[in-house]
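Breakdown of the fold
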Amino acid sequence: MPKKKENGLVGFLEIEKKWQQEWEKAKIFRVKEDKSKKKFYCLEMFPYPSGEGLHMGHAFNYTIGDVYARFKRMQGFNVLYPMGYDSFGLPAENAAIKAGIHPKIYTDRAIKNFIEQQHKLGLSYDWDRLVITKDPEYYKWNQFFFLKLYEKGLVYRKKSAVNWCPKCQTVLANEQVHSGKCWRHEDTDVEIKHLEQWFIKTTEYADELLRDLSKLNWPERIKLMQENWIGKSHGININFTINGKPWPIFTTRPDTIYGVTFMVISAQHPKLMELVTAKQKPQVEAFLKKLKSVSEKELEEMEKEGVFTGSYAINPITKEKVPVYIGNFVLAEYGSGMVMAVPAHDQRDFEFAKKYKLPIKVVIQPKDKKLDAKTMREAFVEEGILVNSSKFDGIDSKIAIEKISDFIEKQKLGKKTINYKLRDWLVSRQRYWGTPIPIVYCDKCGIVPVSESELPVLLPEKVEFGKGNPLATNKAFVETRCPKCKGKARRETDTMDTFFDSSWYFLRYCDNKNNKAPFIKEKVEYWNPVDVYIGGAEHATMHLIYARFFTKALRDMKMLKIDEPFPRLFNQGMLHGSDGFVMSKSRGNVVNPLDMIKKYSADTLRFYLVSQASPDKDTNWNDEAIEGSFRFILRVVNYFNKVKKGKSSAKIESKFNKTVKEFTDDIENFRYNLAIIKLRELFESLGEEESKEVIEGFLKLFSLFCPHICEELWHRLGNKTFISTAQWPKADENKIKPEFEQQDKALGQLKQDINHIIKIVNKKPKAIYIYVIPKEISLYDSKELEKAFSCKVQIMANNKAAYDPQNKASRAKPGKPALYIE
RNA sequence: GCGGGAGUGGCAGAGAGGACAAAUGCGCCAGACUCAGACUCUGGUGCCUUAGUGGCUACGAAGGUUCGAAUCCUUCCUCCCGCACCA
């Protein structure tokens, strides 16, 4: 790349390093709470520090955030812009084991590398507020919150059917299973295991989590994803009687109650065996055994299957006796874990009925045709008119839902209720690299929480990897005393899901060095909520739900005053390789940010990243476009080497102020790409001499994207302060004059026309004569044209004596002057 | 299957009822500079036609609303992303 060196690239890298050091030295990005200033909390989703270092997606994410932080800072806000590392977790543990080093060392190295690379990008973080989740100073407070939640009854331990990833060798939260696969292993089917695990009662807040979505300025699709994930549905619990005992079942379709021909209970239902008769036991056991050997994924694709329990249920409305089956398609965790089956009006029940030759009873007739149970090929699930439903016959099914529900409630046979798809958050993990759960098991006292004064429960460093959870085999860790009776006890060896760590880290930034409490109220209240949160969409139904839950729970413990942590969320787009595919090593389309910084400078990379497309859209890497970004920066530098400080024309003043106005608005709304276009256009119109206001103003706008070179140019202009903390230019609306734009347009059009003719006649013009209609004479400026074409230019209007050998003047039209070229 | 988003020039991507043959960048072409190249600068870049004109065809496809549509409506096609037996 020697050619780049000739253009001053070497200078670029030196300049960048110099200003990064100057910023650090002057600590200009350090902030304190200051009630006299308006605060702004700009936050990016903190990274998981992998050994691979920063990837382009990180660079993109942080550039978006840094531009915004710089913008708000220059606007006079007290800007909190912190960084931290989500440094616990399975990938580090696995990578460390593979590399034969301790996860702690592996992670420390990775973090050091990240910090260095982020410095190189010129990101304006307040590094004093660094938060590292794997440090005991941090995870101590995870344990603190765990105990608080436990005290509040929001943490419980329960045996249930849970998701198990055989590759991770641990259980997973519901949110971490994507289409039956582990979120970290796309090729690994999740298995169902029955284990006793720790859960957090996120469902306690299901309704509020759903309701408050409407308050949030988030991308619509993220809100929808959360809405679907929470999955609220209205229905009714109806009490069926089985073997003389009440068994409530949940349904959203009480209008079909007269069509129930059998019941299906989940194979995972904890009380399943109560229903199985001695006669049916062998068959049931065989069925359950078969189910156990299939993964959740296979289960999804499997045909509906079941087996008779031997028991019968009594329909409380019809008093009919229907058989109870066990089915593989009924979820134990949703509703009541058992369904009333209405094969005529539910596709799943229909398939099940067909397979086991169970009766089908039509109770809703469509308005346009007549159903016959014998000839039906699929369930009729739409609305219609009730039939075979005793006194409800003839009622519209939609109305019948209400009527029958009311009737059931009145008869005390059931109760209207609401159900959610959201399940409680399974937080325990059978792995080493995480926060130890601060619980002790005592033979006498049972489950005993570690007392707060004994926190943190330190994660032991000396452990043996390789055989399951290293904590479980670590005697020194496991063997302890009961906090209550002081007798022999065992420690909980499970660690917390790392999403626990990230559920409150944004609060810790506000008071990261506090060793008496997770944070003090005043600080957290000053900075929160986060004003803008920037990150990818992949956390829509994981981190973003957990953090919202955490915030609400802490609020109810009087530790916070806010209801929502992130009122405004910005999702950046995905950055793909130049081939359009996700960047991956195996595809060989990875572009490394550090390489690009070395080749073009950090300013260029930043500028390129946000100029390509709207930052919320997916884009492909483009090797040629970054060259273009680099060229533009070079042009700016060259211009600043030559420009004279003086006066700007009213025309430039107009353009400058208009640009400032629109640029500010674009940045505010994350339309960085459009802001850059306006900046380029302004730059193109700048002349050899411009006013201080215009020159410095331009530089300030530009500095959001290219802070290093702008800082350098700013100083070369004689400034002793930092441009990074300079005041944002204010647009003077009075100076914006639309006439100038008209002039520009007219002149541009005229230039094009002249060029066109020159091309046709194919010779250099000696003189250009322009005949305009009198009204428009002020639109055109001969000097500018003379400069552009380097020949004599004469502009005339209605001048009889004018030089016009070919009588062109008569062709002059409004907006279209006539021309004669010699 | 359900839900969401998107389809614009050689490419990336603006535009969201008139100022649109469509910003900006990249690419490409021509010219200037140069011994030459790179860099830089200037102009051009849908098709046909022309001393700056006029015409035609275009914004996934087909219809429709309107004096007027890339922009609004309907249907269809394609792609992307979520959820996926939630009773």
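See the structure shown above.
Residues numbered from 1 in each chain as written. Chains lettered and ligands numbered in written order. Predicted model: local features only at pLDDT ≥ 70, side-chain atom pairs only at ≥ 80, totals over all residues. Heavy atoms only, no water.

Turning our attention to the side chain of Arg-548. The residue Arg-548 is located in helix α17 (residues 543–556) in this model. A distance of 2.8 Å separates polar atoms of two side chains, one belonging to Arg-548 and the other to Glu-564. Excluding anything up to four places from it in sequence, Arg-548 contacts Glu-208, Leu-209, Asp-212, Leu-213, Leu-216, Trp-218, Gln-226, Glu-564 and Pro-565. (Helix = DSSP H or I, 4+ residues; strand = E, 2+ residues; numbered from the N terminus. Polar contact = N/O pair within 3.5 Å; in protein donor to acceptor, adjacent residues only side chain to side chain. Contact = heavy atoms within 4.5 Å.)

It is the contact of helix α21 (residues 650–668) with helix α22 (residues 672–685), at a shortest axis distance of 9 Å, that shows an interaxial angle of 165°. On the basis of their axis angle, the class for α21 and α22 is roughly antiparallel. The two elements α21 and α22 meet at a crossing, and its hand is left-handed. On α22, the residues that touch Ile-652, Lys-655, Phe-656, Thr-659, Glu-662, Phe-663, Asp-666 and Ile-667 of α21 are Tyr-672, Leu-674, Ala-675, Lys-678, Leu-679, Glu-681, Leu-682 and Ser-685. Across the contact of α21 with α22, the residue classes break down as nine nonpolar, two polar and five charged. (Axes fitted to C-alpha atoms, helices over the stretch in contact; angles between N-to-C directions. Parallel < 35°, antiparallel > 145°, perpendicular 65-115°, else oblique. Left-handed = near helix turned anticlockwise from the far one by under 90°. Nonpolar A, V, L, I, M, F, W, Y, C, P; charged D, E, K, R; others polar.)

The next point concerns the environment of Tyr-62. When you line up the elements, Tyr-62 lands in helix α3 (residues 56–74). Given the relative accessible area of 0%, Tyr-62 is considered buried. Between the C-alpha atoms of Tyr-62 and Gly-535, which are 473 residues apart in sequence, the distance is 8.9 Å. (Buried < 20%, exposed > 50% of the residue type's maximum accessible area, 1.4 Å probe, protein only.)

Here we take up the layout of surface pockets. Unoccupied space between atoms shows up once a probe the size of one water molecule is rolled over them. If you add up the space inside the second largest pocket, you get close to 970 Å³. Around the second largest pocket, the lining comprises 32 residues; the ones closest to its centre are Ile-652, Ser-685, Leu-686, Gly-687 and Glu-690. For the lining of the second largest pocket, the elements supplying multiple residues, two or more each, are α20 (623–642), α21, α22, β32 (689–690), α25 (738–761) and α26 (782–789). Considering each element in turn, the lining of the second largest pocket owes the most residues, eight residues, to α21. In terms of residue class, the lining of the second largest pocket is made up of seven nonpolar, seven polar and 18 charged. (1 Å grid on protein atoms, 1.4 Å probe; cavity = no way out; pocket = protein on both sides within 12 Å on 5 of 7 lines; lining within 4 Å. Points joined across faces, edges and corners; volume = space filled by probe spheres on them.)

In the vicinity of RNA strand B there are 52 residues, among which Arg-348, Arg-631, Arg-635, Ile-677 and Pro-817 approach most closely. In RNA strand B, the atoms that sit within 4 Å of the protein are 64% sugar and phosphate, with bases accounting for the remainder. Taking Leu-331, its main chain carries an N or O atom lying 2.7 Å from a base nitrogen of RNA strand B. Secondary structure elements with two or more residues in the surface near RNA strand B: α8 (220–230), β12 (245–251), α10 (296–301), α20, α22, α25 and β35 (818–821). If you tally residues by element for the surface near RNA strand B, the top one is α25, at seven residues. Here the surface near RNA strand B is built from residues that sort into 20 nonpolar, twelve polar and 20 charged. (Near = heavy atom within 4 Å.)

Of note, the bond from Leu-455 into Pro-456 is cis; its omega dihedral lies within 30 degrees of zero at 0°. By the element assignment, Pro-456 lies in the loop between β23 (446–449) and α13 (475–478). Omega for the peptide link from Asn-528 to Pro-529 comes to 0°, which places this bond in the cis form. Tracing the chain through its elements places Pro-529 in the loop between α16 (521–527) and β27 (532–535). Unusually for a residue other than glycine, Ser-390 sits at a positive phi of about 55°. Locating Ser-390 in the fold gives a position in the loop between β18 (385–386) and α12 (397–410). The backbone of Phe-670 sits at a positive phi, close to 60°, despite the residue not being glycine. Take Phe-670: it is sitting in the loop between α21 and α22.

Turning our eyes to something else, we now look at the pattern of salt bridges. On inspection of all chains with the given rule, the structure shows 54 salt bridges. With its nearest N and O atoms 3.3 Å apart, the salt bridge here joins Arg-129 to Glu-33. Residue Arg-129 is found in the loop between α5 (103–120) and β4 (131–132), and its partner Glu-33 is found in the loop between α2 (9–26) and β1 (39–44); the two are separated by 96 residues along the sequence. Put simply, Arg-129 and Asp-126 hold a salt bridge, and the shortest N to O gap is 3.0 Å. For the pair Arg-129 and Asp-126, one class covers both residues: buried. The network of salt bridges with common partners includes Glu-208, Asp-212, Lys-215, Arg-548, Lys-552, Arg-555, Asp-556, Asp-563 and Glu-564. (Salt bridge = Lys/Arg side-chain N within 4 Å of Asp/Glu carboxyl O.)

This part is about helix α4 (residues 90–99). Count 3.6 residues to each turn of an α-helix, and residues three or four apart come out pointing the same way. Listing the buried residues of α4 in full gives Leu-90, Ala-92, Glu-93 and Ala-96. End-on view of α4: buried residues confined to an arc of 165°, all on one side of the axis. Within α4, the exposed residues directed more than 90 degrees away from the buried face are Lys-98 and Ala-99. Of the surrounding secondary structure, the elements contacted by the buried residues of α4 are α5 and β6 (170–172). (Arc of directions from axis to C-beta.)

This part is about the pairing of strand β10 (residues 191–200). Direction of pairing for strand β5 (residues 155–165) relative to β10: antiparallel, over a ladder of ten bridges. Bridge assignment links Arg-157 to a residue of β10, and that residue is Trp-198. Of the strand pairs in this sheet, β10 and strand β20 (residues 425–426) are connected by two bridges, and their pairing is antiparallel. By the bridge assignment for β20, Ile-200 is matched with Trp-425. (Pairing = 2+ DSSP bridges.)

Below, the discussion takes up the sheet that holds strand β33 (residues 767–771). Whether parallel or antiparallel, the strands of a sheet pair through hydrogen bonds between backbone atoms. Taken together, the three strands give an open sheet; going across it, the order is β34-β33-β35, and neighbouring strands pair in mixed fashion. On the outer flanks of this sheet lie β34 (792–796) and β35, each paired with one strand and no other. Taking each pair of neighbouring strands and ignoring which way they run, the sheet shows an average axis angle of 15°. Two strands pair when backbone bridges link them, and β33 and β35 are joined in this way by four bridges, in the antiparallel orientation.

Quick look at the pairing of β1 now. The element β1 is extensively covered by neighbouring structure, given that six of its six residues are classed as buried. Judged by which residues are buried, β1 turns out to be covered on both faces: Lys-39, Tyr-41 and Leu-43 on one side and Phe-40, Cys-42 and Glu-44 on the other are all buried. Of the strand pairs in this sheet, β1 and strand β2 (residues 78–80) are connected by three bridges, and their pairing is parallel. Bridging across to β2, Lys-39 finds its partner in Asn-78.

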